[in-house]
Amino acid sequence: MLYGRIVGWGKAVPDNILTNFDLEKLVDTSDEWIFTRSGIRERRIAPEGVNTSTLSVEASQAALEKAGLIAADLDLIIVATSSPDHLLPAVSSEIQYQLGANCGAFTLVAGCTGFAYALVTAQQFIATGAYRTILVIGAEVISRNIDWTDRNTCVLFGDGAGAVIVQACEEPTGVLSFELGSDGEGAPHLMIPLGIANPPTREALDKKYQYIHMNGREVFKFATRTLARSAAETIGRSGLSIHDIDLMIPHQANARIIELAARQLGLPMEKVFVNIDKYGNTSAASIPIALTEAIEEGRVKEGDKLVLVGFGAGLTWASAVVQFGLAEKPVATGWLATPTRTVKAAQNKIGVAARTAGMRASLMLVPLYTRVSRKQRKEANSNNQQPK
Ligand code: UT7
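Rules and cut-offs
- Residues numbered from 1 in each chain as written.
- Predicted model: local features only at pLDDT ≥ 70, side-chain atom pairs only at ≥ 80, totals over all residues.
- Axes fitted to C-alpha atoms, helices over the stretch in contact; angles between N-to-C directions.
- Helix = DSSP H or I, 4+ residues; strand = E, 2+ residues; numbered from the N terminus.
- Parallel < 35°, antiparallel > 145°, perpendicular 65-115°, else oblique.
- Left-handed = near helix turned anticlockwise from the far one by under 90°.
- Contact = placed C-beta atoms within 7 Å.
- Expected span 1.5 Å × (residues − 1).
- Buried ≥ 20, exposed ≤ 12 C-beta atoms within 10 Å, placed from the backbone.
- Bend = angle between axes of the 7 residues up to and from the residue.
- Pairing = 2+ DSSP bridges.
- Near = placed C-beta within 6 Å.
- Nonpolar A, V, L, I, M, F, W, Y, C, P; charged D, E, K, R; others polar.
- Domains from an automatic or database assignment.

What is the right way to read the packing of helix α8 (residues 216–237) against helix α9 (residues 255–265) from this model?
Each packed pair of helices is defined by two parameters, the angle between the axes and the distance between the axes. With their axes 9 Å apart at the nearest point, α8 and α9 run at an angle of 40 degrees to one another. Classed by the angle they form, the pair α8 and α9 counts as oblique. Relative to α9, α8 is oriented so that their crossing is right-handed. Contact residues: Phe220, Ala223, Thr224, Leu227, Ala228, Ala231 and Ala232 in α8; Ile257, Leu260, Ala261, Gln264 and Leu265 in α9.

Below, the structure written as structure tokens:
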């Protein structure tokens with residue numbers, strides 16, 4: 001059995017900050033209402049020209065750099081999003097092209113739960129031995145699907161992307177257990193109605209079908225029923241207990257939902273990562289952004305056991321117990337005890353250098369080819385023939 005070790009992580013958020021005070025000028029709301037009901041202070045909004053692929057590529061490049069890898073090393077790219085650049089092609093192919101990767105890529109839609117679904121999916125490809133290095137992205141420019149006159153939704157969401165790289169490893173690490181769930185009966189509670197069933201007619205646009213329609217209260221009830229139960233189920237499946245969990249990284253939809261889940265689980269808030277105040281609900285991007293920040297802030301250490309848990313449109317939910325890292329066995333002992341990863345990173349650097357040198361060498365040959373073709377043209381002209 002092979003496991004998917006997390007070897008790289010990265011995030012990207014737009015520079016443009018929209019505060020609760022800015023929203024007070026747009027709709028009938030207040031900083032006090034938004035913060036006490038959701039825990040949000042501000043969120044990032046992508047400007048025109050910055051799309052889901054843009055943020056995904058930035059987050060992925062950071063993750064690749066952290067892993068000491070290059071895009072050419074990827075065997076597969078899985079993107080979780082509900083706000084792709086276009087309906088067709090899949091944004092995963094646009095990201096694969098922009099990264100310069102040469103591998104399969106697909107997009108997975110499970111609302112805000114998407115990243116957890118994608119990470120679990122990546123683990124399956126690794127466990128079967130099909131692929132060794134997989135890039136998993138959660139990314140959204142969900143602000144384009146927001147009705148900025150609807151105070152029920154516009155105060156909650158934000159844009160961003162997070163990415164991790166999972167690599168095959170023989171040590172038990174990465175996803176240790178998981179639960180994936182779906183209850184389509186709740187679909188009307190959170191949807192963007194525009195689509196094949198509701199094409200973009202004048203009537204559909206007048207009904208604002210292109211925007212998020214949400215019954216916040218119903219989604220809230222669903223989340224409070226589901227989050228702690230799913231996390232507890234998955235922790236049980238891993239053979240661990242709640243006391244073994246070092247950090248819970250929940251989907252950042254509402255601080256009250258998170259606090260309630262922690263209380264239900266008996267997990268102190270010091271063991272729960274919350275950054276919703278800075279980014280709002282970034283849907284499928286929220287867990288990988290939070291995971292990246294938790295690692296960067298030193299809240300996650302080598303060998304730590306995390307529980308990731310998400311919920312969202314569908315209605316869907318997913319949780320996974322994930323062990324972070326665990327250094328691979330060294331390639332040798334004593335003074336040669338260099339970790340394999342360092343060796344691999346150095347090999348990759350050599351690979352990049354070799355490829356760059358190869359490219360430079362072939363570029364240097366261009367004038368030679370030109371000279372040859374000029375010579376051929378001259379001869380052809382003198383013989384009154386077309387050059388070959
Ligand atoms: O990723 C999954 C996506 N969605 C979610 O996770 C959302 C889950 N739901 C929630 O987070 C919460 O339900 C909300 C934050 C959306 C709302 O909080 P709530 O405590 O459930 O408020 P409510 O919907 O019960 O509304 C309370 C009042 C209503 O007024 P009335 O009917 O009591 O007079 C709303 O009209 O607050 C009003 N309200 C607002 N007031 C000021 C709703 N939105 C706003 C607003 N500013 N932005």
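Mind showing me how you'd approach helix α3 (residues 52–67) here?
Along an α-helix, a turn takes 3.6 residues, which lines up residues three or four apart on a common side. Spanning 16 residues, α3 covers 22 Å between terminal C-alpha atoms, matching the ideal 22 Å at 1.5 Å per step. Where α3 is concerned, the buried positions are Thr52, Ser53, Thr54, Leu55, Ser56, Val57, Ala59, Ser60, Ala63, Leu64 and Ala67. Structurally, α3 contributes buried residues whose contacts are with β1 (3–12), β4 (76–80), α4 (91–99), β6 (133–140) and β7 (160–169). Gly68 sits one or two positions beyond α3 and adopts a positive phi of about 70 degrees.

Looking at this model, I keep getting lost on α8. Mind explaining?
With 22 residues, α8 should cover 32 Å at 1.5 Å per step; its first-to-last C-alpha distance of 31 Å lies within 8% of that length. Helix geometry: α8 is bent most strongly at Ala223, by close to 25 degrees. Every buried residue belonging to α8 is among Val219, Phe222, Ala223, Thr226, Leu227, Ala228, Ser230, Ala231, Ala232, Thr234 and Ile235, and all of these are buried. One or two positions beyond α8, positive phi appears at Gly239, with a value near 85 degrees.

How should I be thinking about the sheet that holds β7 in this particular structure?
Whenever strands of a sheet pair, they do so through backbone hydrogen bonds, lying parallel or antiparallel. Spatially, five strands are ordered β1-β7-β6-β4-β5 in an open sheet, and the strand pairing comes out mixed. Whereas interior strands pair on both sides, the edge strands pair on one side only; in this sheet they are β1 and β5 (104–108). Within the sheet, the average angular offset between the axes of one strand and its neighbour, ignoring direction, is 20 degrees. Where β1 and β7 come together, nine bridges link them in antiparallel fashion. Looking across to β7, one finds that Ile6 is bridged to Val166. Its contacts with the sheet put α4 on β4, β5 and β6, and the angle it makes with β5 is roughly 140 degrees. On the sheet, helix α5 (residues 114–127) packs against β1, β4, β5, β6 and β7 and is oriented at approximately 170 degrees with respect to β6.

So what exactly am I meant to see when it comes to the site of the ligand here?
Taken together, 20 residues lie around the ligand, and Thr29, Gly216, Phe220, Ala253 and Asn254 are the ones closest in. Sort the elements by how many residues they give to the shell around the ligand and α8 lands first, with five residues. Taken together, the residues of the shell around the ligand break down into 10 nonpolar, seven polar and three charged. Two domains share the shell around the ligand, each providing at least three of its residues, namely domain 1 (3–174) and domain 2 (177–363).

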